[in-house]
Amino acid sequence: MRREDLSDLVAFLAVADERSFTRAAAKLGVSQSALSHTLRRLEARLGFRLLTRTTRSVAPTEGGERLIETLRPAIDEIDAKLTALGRLRDKPAGIVRITAAEHAARLILWPVIERLLPDYPDLTIEIHVDAGLADIVSDRFDAGVRLGERLDKDMIAVPIGPELRMAAVGAPAYFARHPAPRTPQDLSSHRCINLRMQSSGGLYAWELERDGREVRVRVDGPLIFNSSSMIQAAAVAGLGLASVPEDQVAGRIADGTLVRVLEDWCGPFPGYYLYYPSRRQMSPGLALLVEALRYRG
């Protein structure tokens with residue numbers, strides 16, 4: 001096989017993975033026009049179309065899917081052997097791609113990465129902030145971060161943080177107009193700020209628990225966000241009650257900007273885990289991160 005043939009096949013896989021010439025070109029570090037030319041050249045050489053292109057999407061044809069099935073094991077084997085060779089280096093190098101929700105990225109990942117990275121100049125870490133439940137295998141991530149209660153059973157999972165708690169809060173201005181709720185049932189008479197879940201598209205049901213009794217409450221109110229920071233801002237403005245991670249509002253509770261309610265109903269739950277496929281050989285860079293992030297408390 002000629003060197004340019006292998007390069008063209010890698011370019012095709014990048015477009016098929018990203019479903020976009022723009023994203024694939026950025027990933028490969030080439031121009032979009034050059035990538036389009038490469039794919040047309042490959043299709044001409046093979047004698048059939050590999051991709052169906054519209055103004056909004058790119059998808060493999062039947063022939064393209066069959067070529068992907070042929071190429072993927074070979075490319076994965078090459079990646080694994082290159083990873084094994086990389087272990088001969090004195091220090092980890094290359095790129096490690098991780099997907100995580102913004103809360104986990106800020107609370108857990110960033111403090112460790114900020115401390116670790118200066119000692120490993122050849123290591124690149126890409127953090128993809130996404131509140132959805134990404135498929136790390138099909139999306140070509142090395143690892144992901146999820147709450148312990150949402151982990152897939154076929155993944156290796158490493159705890160990277162302590163247990164978490166939610167906090168139900170409101171501003172003093174809100175409680176000047178409304179009595180504080182004493183039970184979960186009281187929330188039905190309150191204006192609450194809703195969270196739109198990116199993974200399911202539904203609204204988050206407040207999860208409360210006391211003395212072994214679990215309650216999920218669907219709340220109503222004037223605002224819906226898919227951002228925790230916006231929910232906090234609305235709560236501070238006195239526009240309703242909010243349920244947010246305790247660590248995010250601890251300072252505001254301490255200074256009186258927000259008032260906590262239903263605290264005895266907000267118990268701890270499993271914290272964040274770093275997870276990755278059990279069948280994938282771990283790169284030196286990922287192994288370094290796993291040990292640096294591992295929670296030992």
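Residues numbered from 1 in each chain as written. Predicted model: local features only at pLDDT ≥ 70, side-chain atom pairs only at ≥ 80, totals over all residues. Heavy atoms only, no water.

Please explain the overall build of the chain as it appears in this structure.
Scanning the chain from terminus to terminus reveals 9 helices and 14 strands. Within the chain, buried positions represent 41% of all 297 residues. Put simply, 73% of the contacts in the chain that link residues at least 6 apart link residues at least 24 apart. Per element, the accessible surface of the chain, about 16,600 Å² overall, is 52% carbon and sulfur. Positive and negative charge centroids in the chain, built from 39 and 38 side chains respectively, lie 4 Å apart. (Helix = DSSP H or I, 4+ residues; strand = E, 2+ residues; numbered from the N terminus. Buried < 20%, exposed > 50% of the residue type's maximum accessible area, 1.4 Å probe, protein only. Contact = heavy atoms within 4.5 Å. Areas by Shrake-Rupley, 256 points an atom, 1.4 Å probe, with all protein chains shown as cover. Lys, Arg positive; Asp, Glu negative; His and termini not counted. Charge placed at Lys NZ, Arg CZ, Asp CG, Glu CD.)

In this structure, what is going on with the environment of S229? I would like to understand it.
Locating S229 in the fold gives a position in helix α7 (residues 228-236). Classification of S229 as partly exposed rests on a relative accessible area of 47%. Separated by 19 residues in sequence, S229 and Q248 have C-alpha atoms that sit 8.7 Å apart.

Sorry, what's going on with the packing of aromatic side chains here?
Two descriptors summarise a pair of aromatic rings, namely the distance from one centre to the other and the angle between the planes of the rings. Evaluated as defined, the whole model comprises 1 aromatic pair. With 5.5 Å between their ring centres and 80 degrees between their planes, Y174 and F175 make a pair best called edge-to-face. Summarising the burial analysis for this pair, Y174 and F175 share the class buried. Directly above the aromatic system of F141 lies the positively charged group of R97, at a separation of 4.3 Å from the ring centroid. (Phe/Tyr/Trp six-rings, centres within 6.5 Å; stacked < 30°, edge-to-face > 60°. Lys NZ or Arg CZ within 6 Å of the ring centre and 35° of its normal.)

In this structure, what is going on with the sheet that holds strand β5 (residues 143-147)? I would like to understand it.
Note on sheets: strands pair through backbone hydrogen bonds, and any given pair is parallel or antiparallel. The 5 strands are arranged β4-β3-β5-β14-β6 in an open sheet whose pairing can be described as mixed. Two strands in the sheet have a free side with no partner beyond their single neighbour: β4 (123-129) and β6 (155-159). Direction aside, the axes of adjacent strands within the sheet are offset by 25 degrees on average. As defined by bridge partners, strand β3 (residues 94-100) adjoins β5 across 2 bridges and the pair is classed as parallel. Residue I98 lies in a different strand from β5, and its bridge partner there is A143. Against the sheet, helix α5 (residues 102-116) makes contact with β3, β4, β5 and β14 (272-277), and its axis sits at roughly 165 degrees relative to β4, the strand it touches most. On top of the sheet, helix α9 (residues 284-293) reaches β3, β4, β5, β6 and β14; it is set at about 160 degrees to β14, its chief contact. (Pairing = 2+ DSSP bridges. Axes fitted to C-alpha atoms, helices over the stretch in contact; angles between N-to-C directions.)

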